[in-house]
Amino acid sequence: MTPKHWTQWAQDFDNHVTDAFSADFNGVIQKAMDKLHNARRKRLFVDFGCGSGSFVLAQAKKFDRCVGIDSSAGMIELAKRKARRVKNVEFVCESIQGYDDSRVTNAGLVACFNVITATSRSVRDKVWRRIGGMLARDGVALVVCPSLESVQMVTAACKAKSLEPTRHMRRGGVVVTEGVSQQFFTAESLVAELKANGLKSFLLEKVPYKWPHEGLDGRVMRGVEYPWDWLVGVRRVK
Ligand SMILES: C[S@@+](CC[C@H](N)C(=O)[O-])C[C@H]1O[C@@H](n2cnc3c(N)ncnc32)[C@H](O)[C@@H]1O
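Residues numbered from 1 in each chain as written. Predicted model: local features only at pLDDT ≥ 70, side-chain atom pairs only at ≥ 80, totals over all residues.

Enquirer: Is there a simple way to think about the overall build of the chain in this case?
Expert: Secondary structure assignment for the chain yields eight helices and 10 strands. At 17 Å, the chain has a C-alpha radius of gyration in line with the 18 Å of a compact globule built from 238 residues. In terms of overall dimensions, the chain has a C-alpha envelope of 55 × 40 × 30 Å along the principal axes. Within the chain, buried positions represent 36% of all 238 residues. (Helix = DSSP H or I, 4+ residues; strand = E, 2+ residues; numbered from the N terminus. Rg over C-alpha atoms; globule rule 2.2 N^0.38 Å. Buried ≥ 20, exposed ≤ 12 C-beta atoms within 10 Å, placed from the backbone.)

Written out as C-alpha cells, the structure reads:
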C-alpha cells in the first residue's frame, strides 16, 4: 500500500470506521492506554501512521503534547481539518522510515496501529528501529499488528462452513486480502522481530473485532471466536 493509495482512501476511512481503535469493541486498547498514560501525561505522545487522526485526537486531553505522523497527504489533510480547535496536537506528513525530526524524540508513549504490515523485512525493521529511536529510556509503545493465528482460525471456520475465506495465506506469514499482500504475525514471530530490533514486549493481548471487518457476515459466523489483531506493549531493551 503506497501513500497515494491511502490518500484515495482518506475520505472513506472515517465513514467505514476501519481504524483499529473504533473496531476494538471490547476497549482493549483504551484499557492499555489508561494503565500507561498517567505516568506519562507530561510527556510527548506520538501516533505513528495516525491515519485520519481519530486516535491521537481521542487521547489529546491526556497529554501535554501530541504528534500524529502519516505518509499519506490525504489522511493528514483530513486529520488537520478535524483538529482545527485542538491546541496541543500537531500533524506531520512524513514516512515513518524517513522521519528523523529531533523535536520528536524522548517520547513517553508511542502508538502504531496496523502500520507495520510491509512484506519486506527490511522495511519493517526500519519502522521498529524508528519507534525504538523515538522512545525515551522509560518510554513505551503500543503496537497493533495483524494476527496470523486469527487468519488460520477464520480459514478453518470458513472451510467447516463451506465458505470462501476473504484472506489467503502465503508463505512466511504473508496474507493476501483483496489482492493486497501484507505481513501477518504469530505471537512468536512478533516477539522475535521485536528482539531482533532491540525491543522487548511487556504485554501481548488479543484485540477482537467484528465479522464485517473481516468481510464476513456475523450471522453466518455465529458461534465462532471473533477474529483479532495483536496488541503488543513494547519497551527498548536498554
Ligand atoms: C491501516 S491504516 C491505520 C491508521 C491508524 N493507525 C488506525 O489504526 O486507524 C495505515 C496508515 O499507516 C500509514 N502508513 C503506512 N506506512 C507508513 C509509513 N511508512 N510512514 C508513515 N505512515 C505510514 C498509511 O498512510 C495509513 O494511514
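Let us keep going from here.
Enquirer: I would appreciate a short explanation of the environment of Arg 65 in the present structure.
Expert: Within the secondary structure, Arg 65 sits in strand β2 (residues 65-70). Of the residues examined, Arg 65 has 18 C-beta atoms within 10 Å and is grouped as partly exposed. Sequence spacing of Arg 65 and Val 89 is 24 residues, and the spatial spacing of their C-alpha atoms is 6.3 Å.

Enquirer: Is there a simple way to explain the nonpolar core in this structure?
Expert: It is characteristic of soluble globular proteins that their nonpolar side chains tend to be buried jointly. In terms of nonpolar packing, the biggest core is built from 58 residues, with Val 46, Phe 48, Ala 107, Val 110, Cys 112 and Ile 131 touching the most fellow members. Excluding residues within four positions of it along the chain, Val 46 makes contact with Val 67, Ile 69, Val 104, Ala 107, Val 110 and Met 134. (Core = buried A, V, L, I, M, F, W, Y, C linked by C-beta atoms within 7 Å. Contact = placed C-beta atoms within 7 Å.)

Enquirer: What should I look at first to understand the pairing of strand β10 (residues 228-236) in this one?
Expert: Here is the key point about a regular strand: its side chains alternate between the two faces of the sheet. Where strand β5 (residues 135-146) and β10 come together, six bridges link them in antiparallel fashion. Bridge pairing in β10 links Val 143 to Val 232. Of the pairings in the sheet, the one linking strand β9 (residues 199-208) to β10 comprises nine bridges and is antiparallel in character. Paired with Pro 208 across the two strands is Trp 228, which belongs to β10. (Pairing = 2+ DSSP bridges.)

Enquirer: Looking at this model, I keep getting lost on the sheet that holds strand β7 (residues 174-177). Mind explaining?
Expert: Strand pairing in a sheet relies on backbone hydrogen bonds. The paired strands run either parallel or antiparallel. An order of β6-β7-β8 is seen for the three strands of this open sheet, with the pairing classed as antiparallel. Only two strands of the sheet have a single neighbouring strand rather than two, namely β6 (167-169) and β8 (180-183). Strand-to-strand twist in this sheet, taken as the mean axis angle between neighbours without regard to direction, amounts to 30°. Sheet topology places β6 next to β7; three bridges connect them, and they run antiparallel. Following the sheet pairing, Met 169 is matched in β7 by Val 175. (Axes fitted to C-alpha atoms, helices over the stretch in contact; angles between N-to-C directions.)

Enquirer: Any chance you could explain the sheet that holds strand β4 (residues 107-113) here in plain terms?
Expert: Taken together, the seven strands give an open sheet; going across it, the order is β3-β2-β1-β4-β5-β10-β9, and neighbouring strands pair in mixed fashion. Every interior strand has two partners, whereas the edge strands, β3 (89-93) and β9, have only one. Neighbour-to-neighbour, the strand axes of the sheet open up by a mean angle of 15°, direction not taken into account. By the bridge criterion, three bridges tie strand β1 (residues 44-48) to β4 in an arrangement that is parallel. By the bridge assignment for β4, Val 46 is matched with Val 110. Set on the sheet, helix α8 (residues 187-196) makes contact with β5, β9 and β10; between it and β9 the angle comes to about 150°.

Enquirer: How should the environment of Leu 36 be read in this particular structure?
Expert: Residue placement: Leu 36 occurs in helix α3 (residues 28-37). Among the residues examined, Leu 36 registers 17 C-beta atoms within 10 Å and is labelled partly exposed. A C-alpha to C-alpha distance of 14 Å links Leu 36 and Ala 60, two positions 24 residues apart in sequence. The contacts of Leu 36, once residues within four sequence positions are left out, are Leu 109 and Val 140.

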